[in-house]
Amino acid sequence: MDPMDIVGKSKEDASLPKATMTKIIKEMLPADVRVARDAQDLLIECCVEFINLISSESNEVCNKEEKRTIAPEHVLKALQVLGFGEYVEEVYAAYEQHKYETMQDSQRSVKMNSGAEMTEEEAAAEQQRMFAEARARMNGGASVPQPEPLETQQQSSLQS
């Protein structure tokens, strides 16, 4: 990422990706509203400061409870302490939605990875079948020759 894509004075300054933040800002506004570049930069800096404020207060809440890891409850409590209690319910709902989507994504990846339990020979046969299909599509839909069953291939290689 180019350092110019991040709003901030130096590399040490914590900041947010400018392109992502600009996209978020534009999505929140009506299509006919334009935002000046310096106004975008100011909004991004406000977001950074807000994150710093919430993080700092969350850390204090965490320390008061003699914990070493900031948990979601600490962030929600920090919002209340800082006077943003009216947002706690919405923030919690967003957090629950994020947990649900993350769980769905991990379940999908487990399902996809569980199919990777084929032998090297099965993988090679599958690869050859896929290559044949691709060649057939490239050659204008010519018929795809069916590969020999794996058992036949194994038997013929054992006989050689």
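Here the structure is shown first, and the text comes after it.
Residues numbered from 1 in each chain as written. Predicted model: local features only at pLDDT ≥ 70, side-chain atom pairs only at ≥ 80, totals over all residues. Heavy atoms only, no water.

Novice: Pulling in residues and values, what's your account of the overall build of the protein?
Specialist: When helices and strands are counted, the protein shows 6 helices and 0 strands. Across the protein, helices and strands are ordered from the amino to the carboxyl terminus as α-α-α-α-α-α. Partitioning the contacts of the protein with sequence separation of at least 6, the portion at a separation of at least 24 is 32%. Per element, the accessible surface of the protein, about 13,100 Å² overall, is 55% carbon and sulfur. (Helix = DSSP H or I, 4+ residues; strand = E, 2+ residues; numbered from the N terminus. Contact = heavy atoms within 4.5 Å. Areas by Shrake-Rupley, 256 points an atom, 1.4 Å probe, with all protein chains shown as cover.)

Novice: So what about a nonpolar patch on the surface? Which residues, and what values?
Specialist: Together, Ile24, Met28, Leu29 and Val33 make up an exposed nonpolar region whose accessible area comes to about 360 Å². Note on placement: valine 33 falls in the loop between helix 1 (18–28) and helix 2 (37–64). (Patch = residues over 30% accessible without salt bridge, like charges linked within 9 Å, V, L, I, M, F, W, Y side chains within 5 Å. Salt bridge = Lys/Arg side-chain N within 4 Å of Asp/Glu carboxyl O.)

Novice: Account for the pattern of salt bridges, with residues named and values stated.
Specialist: What the rule picks out here adds up to 5 salt bridges. Between aspartate 41 and lysine 18 there is a salt bridge whose closest N-O contact spans 3.3 Å. Of this pair, aspartate 41 sits in helix 2 while lysine 18 sits in helix 1, placing them 23 residues apart in sequence. Judged by relative accessible area, aspartate 41 falls into the partly exposed class, the value being 24%. Arginine 129 is the partner of glutamate 126 in a salt bridge, and the nearest nitrogen-oxygen pair spans 2.5 Å. On the criterion of helical spacing, the pair formed by glutamate 126 and arginine 129 is a turn pair, its members being 3 residues apart in helix 5 (residues 120–138). Through salt bridges that share partners, Glu126, Arg129 and Glu133 make up one connected network. (Buried < 20%, exposed > 50% of the residue type's maximum accessible area, 1.4 Å probe, protein only.)

Novice: Account for the side chain of histidine 74, with residues named and values stated.
Specialist: Considering the arrangement of structural elements, one finds histidine 74 in helix 3 (residues 72–81). Only 2.9 Å separates the side chain of histidine 74 from the side chain of glutamate 65, close enough to count as a polar contact. Separated by 2.8 Å, the side chain of histidine 74 and the backbone nitrogen of alanine 71 make a polar contact. The contacts of histidine 74, once residues within four sequence positions are left out, are Ser58, Val61, Cys62, Glu65, Lys67 and Thr69. (Polar contact = N/O pair within 3.5 Å; in protein donor to acceptor, adjacent residues only side chain to side chain.)

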